[in-house]
Amino acid sequence: MPNAPDLTPELPEGVDVGPGPFPQIGGFVIGEQSRTQIHVARPFVLAPMSGVTDSPFRQTIQAASEQGVGLLVTEFISVEGLTRANLKAAARMSFDPVIERPIEVQIFGADLERMVHAAVLIEESGAQGVDINCGCPAPKVVKRGGGAELMRQCDTLARIVEATATAVRIPVTVKIRAGWSADSINAVAIAKACESAGAQAIAVHGRTRMQLYAGKADWQIVDDVAKAVRVPVIGSGDVCTPQEAVWRLQTTAAKGVMIGRAAIMNPWIFRQIDDLIAGRPVRDPTPADRAQLLHRFADLMGGRMPDHAIPGRLKQLLARMTKGFSHGSLLREKVMRAATAQDMFVWIDGFFDAVAADDLPHWVQMARPEVAQVELDDHAGIIT
Ligand SMILES: Cc1cc2nc3c(=O)[nH]c(=O)nc-3n(C[C@H](O)[C@H](O)[C@H](O)COP(=O)(O)O)c2cc1C
């Protein structure tokens, strides 16, 4: 029975990047043309994810990653909210300037003046860069001209990039998709226009707006963009193992790889990539590491958000982190029913202690006596 999620690399058949080391894989600089630069020591970036990558989450990932995360990006933030001193927008922008660096704050919107104003506020906050979102597919965002709609408004986007890049000393970067739809793939043209307007890096999620998150990300488009512009390109989409991260760097002209959903399932992925690149055995987290990470996340959230919001976020992370675990669904069920973080940790700690002691059947017996008895009787493995 596996006691960890199955994150099988989806490398093409017969492809194996080998055990490392990979000395040719290194960092890069964003902002050669701007007044300040971002030194990205490791070419692996924590993807912006709305509702996920807030400050507590980013710091949790950083702690699990040791030095493995080269660049952080906030969740996207509305320029309307930010420039009207909306409290929610301000909270989304908050970061620890000592721990969370380098960091870019991502904004979305389409109003040129507000985009510029927001960029100036971001620079004043001490962030190292401003990222403009051109990938969000949500109707409420695109209807107002922001997110992926900017992929259809190349001139507007170029004006926004130019105006923001002129207004701040820190680099302005752009995150795009492959295009709006399969019949309007224009990432290369958009990237070139952004570069000419002053963008200092381009992140490319290899799906169209119409695809949302369906299908597979197209890394050929990432490669095409990376070959068409001089600024660094960061590829995004479906990287879920250290091997894939290395392979994407080896087989495309991208300078960096962005990792999103896999970091929720496996918050240690950046450390594991670092291990692979250094030629060390890739370290798997222990059950104690997993429990500790959840405690750390809860501690970091404490004081930063209302107490009632914490259980929901814990459930979100736990649900992803325990996918594929033997009896993970029973743990999730128990945790979903718990009302407070304290109650949740009774189950979480008990579960990971039992995994460490190789004694899950007894934990199951305590959690759900009728199921456990069957298992103890027939030694059947239940993988959920
Ligand atoms: C829950 C969620 C929220 C996201 N929010 C943002 C966002 O705020 N800004 C952005 O540029 N991309 C956002 N994305 C897209 C990711 O940054 C990334 O490009 C995409 O998930 C593909 O990468 P992955 O397969 O590594 O997750 C989001 C993705 C997810 C799953």
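Residues numbered from 1 in each chain as written. Predicted model: local features only at pLDDT ≥ 70, side-chain atom pairs only at ≥ 80, totals over all residues. Heavy atoms only, no water.

> How would you summarise the pattern of salt bridges if you had to cite specific residues and measurements?
For the structure on display, the rule yields 17 salt bridges. Salt-bridge contacts for D274 lead to R42; the nearest nitrogen and oxygen are separated by 2.7 Å. With D274 in helix 11 (residues 269–278) and R42 in the loop between strand 2 (38–40) and strand 3 (44–46), this pair connects stretches of sequence that are 232 residues apart. Exposure remark for D274: the relative accessible area of 13% places this residue in the buried category. Where K227 meets D223, a salt bridge forms, and the shortest distance between an N and an O atom there is 2.7 Å. Of this pair, K227 and D223 both sit in helix 8 (residues 219–228), four residues apart, which is roughly one turn of the helix. We classify K227 as exposed; its relative accessible area is 60%. Connected through shared salt-bridge partners, E66, R271, D275, R280 and R283 make up one network. (Salt bridge = Lys/Arg side-chain N within 4 Å of Asp/Glu carboxyl O. Helix = DSSP H or I, 4+ residues; strand = E, 2+ residues; numbered from the N terminus. Buried < 20%, exposed > 50% of the residue type's maximum accessible area, 1.4 Å probe, protein only.)

> I'd like a rundown of the nonpolar core, residues and numbers included.
Of all hydrophobic cores here, the largest spans 106 residues; its most connected members are I176, I202, I259 and W363. Per element, the largest residue contribution to this core is eight residues, and it comes from helix 15 (residues 341–356). Mapping this core onto the domain boundaries places at least three of its residues in each of domain 1 (28–278) and domain 2 (287–378). Beyond its immediate sequence surroundings of up to four residues, I259 is in contact with V45, L46, A47, V239, A245, I269, F270 and I273. Formed by twelve residues, the second largest nonpolar core is a distinct cluster that contains I30, A47, V73 and M258. (Core = buried A, V, L, I, M, F, W, Y, C linked by side-chain atoms within 4.5 Å. Domains from an automatic or database assignment. Contact = heavy atoms within 4.5 Å.)

> Before we move on, could you go through the packing of helix 9 (residues 242–251) against helix 11 and cite the residues and values that matter?
Helix 11 packs onto helix 9 with a crossing angle of 60° between their chain directions and a minimal axis gap of 8 Å. When the axes of helix 9 and helix 11 are compared, the pair comes out oblique. Judged by the sense of rotation from one axis to the other, the crossing of helix 9 with helix 11 is right-handed. In contact with P242, Q243, A245 and V246 of helix 9, helix 11 contributes I269, Q272, I273, L276 and I277. (Axes fitted to C-alpha atoms, helices over the stretch in contact; angles between N-to-C directions. Parallel < 35°, antiparallel > 145°, perpendicular 65-115°, else oblique. Left-handed = near helix turned anticlockwise from the far one by under 90°.)

> Give me the lowdown on the packing of helix 12 (residues 287–301) against helix 13 (residues 310–321), citing residues and values where you can.
Where helix 12 contacts helix 13, the two axes come as close as 10 Å, and the packing angle between them is 155°. Considered as vectors, helix 12 and helix 13 are oriented roughly antiparallel to each other. When the axes of helix 12 and helix 13 are compared, the crossing they make is right-handed. Between helix 12 and helix 13, the contacting residues are R290, L293, L294, F297, A298 and M301 on the first element and I310, R313, L314, L317, L318 and M321 on the second. Its residues assigned to classes, the contact of helix 12 with helix 13 comprises ten nonpolar, no polar and two charged. (Nonpolar A, V, L, I, M, F, W, Y, C, P; charged D, E, K, R; others polar.)

All quantities given are derived from atomic positions and should not be read as evidence of function.
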